[in-house]
Amino acid sequence: MSERLIVALDSNDINKIKMLVDRLQNVVKYFKVGAIPFTCFGPEIIRFLKERGLKVMLDLKYHDIPNTVARACEGAMELGVDMLTMHTSGGFMMMEETVKAVSIVSDVKKLPKPKLLGITTLTSIDEAYFKDLFGDVKRTIEEQVVFLARLAQSAGLDGVVASPQEIESIRKYCGKDFLIVTPGIRTEGEMIDDQARTMTPARAIKAGADFIVVGRPIIAAKDPLNAAKNIIKEIENAG
Ligand code: C5P
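My aim in this report is to walk through the structure given alongside it, one point at a time. All figures in this text were calculated on a predicted structure; none of them were measured in a lab. (Residues numbered from 1 in each chain as written. Predicted model: local features only at pLDDT ≥ 70, side-chain atom pairs only at ≥ 80, totals over all residues. Heavy atoms only, no water.)

The helix and strand inventory of the chain stands at 11 helices and eight strands. Along the longest, intermediate and shortest principal axes, the C-alpha atoms of the chain span 45 × 45 × 30 Å. Buried residues in the chain amount to 50% of all 239 residues. Residue pairs in contact within the chain that sit at least 24 positions apart in sequence constitute 69% of those at least 6 positions apart. On the chain, roughly 11300 Å² of surface is accessible, and the fraction owed to carbon and sulfur atoms is 51%. For the chain, the separation between the mean place of its 32 positive charges and that of its 32 negative charges on side chains is 3 Å. (Helix = DSSP H or I, 4+ residues; strand = E, 2+ residues; numbered from the N terminus. Buried < 20%, exposed > 50% of the residue type's maximum accessible area, 1.4 Å probe, protein only. Contact = heavy atoms within 4.5 Å. Areas by Shrake-Rupley, 256 points an atom, 1.4 Å probe, with all protein chains shown as cover. Lys, Arg positive; Asp, Glu negative; His and termini not counted. Charge placed at Lys NZ, Arg CZ, Asp CG, Glu CD.)

What follows is about the packing of aromatic side chains. In this structure the tally under the stated criterion is two aromatic pairs. One residue, Arg139, lies across the ring of Phe147, its end atom 4.0 Å from the ring centre. (Phe/Tyr/Trp six-rings, centres within 6.5 Å; stacked < 30°, edge-to-face > 60°. Lys NZ or Arg CZ within 6 Å of the ring centre and 35° of its normal.)

This part covers a nonpolar patch on the surface. Judged by side-chain polarity, Tyr129, Leu133 and Phe134 come together as a nonpolar surface patch covering roughly 310 Å² of accessible area. With relative accessibility at 48%, the residue Phe134 sits in the partly exposed group. (Patch = residues over 30% accessible without salt bridge, like charges linked within 9 Å, V, L, I, M, F, W, Y side chains within 5 Å. Salt bridge = Lys/Arg side-chain N within 4 Å of Asp/Glu carboxyl O.)

What follows is about the pattern of salt bridges. Going through the model one piece at a time under the given rule, you end up with nine salt bridges. The residue Glu74 makes a salt bridge to Arg71 at a minimum N-O spacing of 3.0 Å. Of the two residues, Glu74 and Arg71 are both situated in helix 4 (residues 66–78); the distance of three residues between them amounts to about one turn of the helix. Salt bridges here are not isolated pairs; linked through shared partners, they connect Lys32, Asp59 and Lys61.

Before going further, it helps to examine the site of the ligand. Neighbouring residues of the ligand: 16 residues in total, closest Asp10, Lys32, Thr123, Arg186 and Arg216. At 2.8 Å from an oxygen atom of the ligand is found a main-chain nitrogen or oxygen belonging to Gly215. Contact distances for the ligand include 2.7 Å between an oxygen atom and a backbone N or O atom of Arg216. Within the complex, the protein chains bury 88% of what would otherwise be the 470 Å² of accessible surface of the ligand. A molecule is said to occupy a pocket when more than half its atoms come within 2 Å of that pocket's grid points, and by this definition the ligand occupies the largest pocket. Elements supplying a minimum of two residues to the shell around the ligand: strand 3 (55–62), strand 8 (211–214) and helix 10 (216–219). Class assignment for the residues of the shell around the ligand results in seven nonpolar, three polar and six charged. (Near = heavy atom within 4 Å. Polar contact = N/O pair within 3.5 Å; in protein donor to acceptor, adjacent residues only side chain to side chain. 1 Å grid on protein atoms, 1.4 Å probe; cavity = no way out; pocket = protein on both sides within 12 Å on 5 of 7 lines; lining within 4 Å. Sits in = over half its atoms within 2 Å of the grid points. Nonpolar A, V, L, I, M, F, W, Y, C, P; charged D, E, K, R; others polar.)

Right, here's the structure in full:
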């Protein structure tokens, strides 16, 4: 059973999701519910996972005014999610207000506190596109990611989602207790799809990732269980 592999259930086919969870639940503890399954199936998909005793990362990447994000996160707590994401570029106040709200709801309603994670710069964005998007920026992607990670940490978030290539710098500036969750994982020689800043599971773990998020290399594999087991083996050998 791996606690460090998070499988992204990026599918709009409920039968496929249920089949994947059936096959993987004895070896994978954490599943990521992002925009695709949540838009198609709503909170029901979270209840389905929680009833099986599994852990849920709710990855809706909130990016809105502080009140909206804080109230949405309170709602997510009622569903029992274990991790949830918001964009660090939503700003310090958005993150800080959410941290406070989650803490109050946890005390008052005795609900467990989910880990709050900040999205830094999407792993599909490369250096050239980054410059296109933000114009004449002085920072590289790596400097931008470290800046956003430090902002998230100062607002009280538990960690960030960042590409494998930025793990070492985030560790250096944010310390060993700050969680780093890393998508953009591809095994040696595999198609990178729309990801730009990728790394193998072993290298991401060695670089200091706490969790790795894997979608298509597992859910689109002919044998998802075998694909997951190979990645878990790599994680165990590297950690
Ligand atoms: O299929 P693949 O392994 O590329 O899926 C990666 C997952 O991680 C997707 O669900 C994607 O939304 C998510 N993600 C990402 N980059 C981020 C944050 C989340 O790829 N910065």
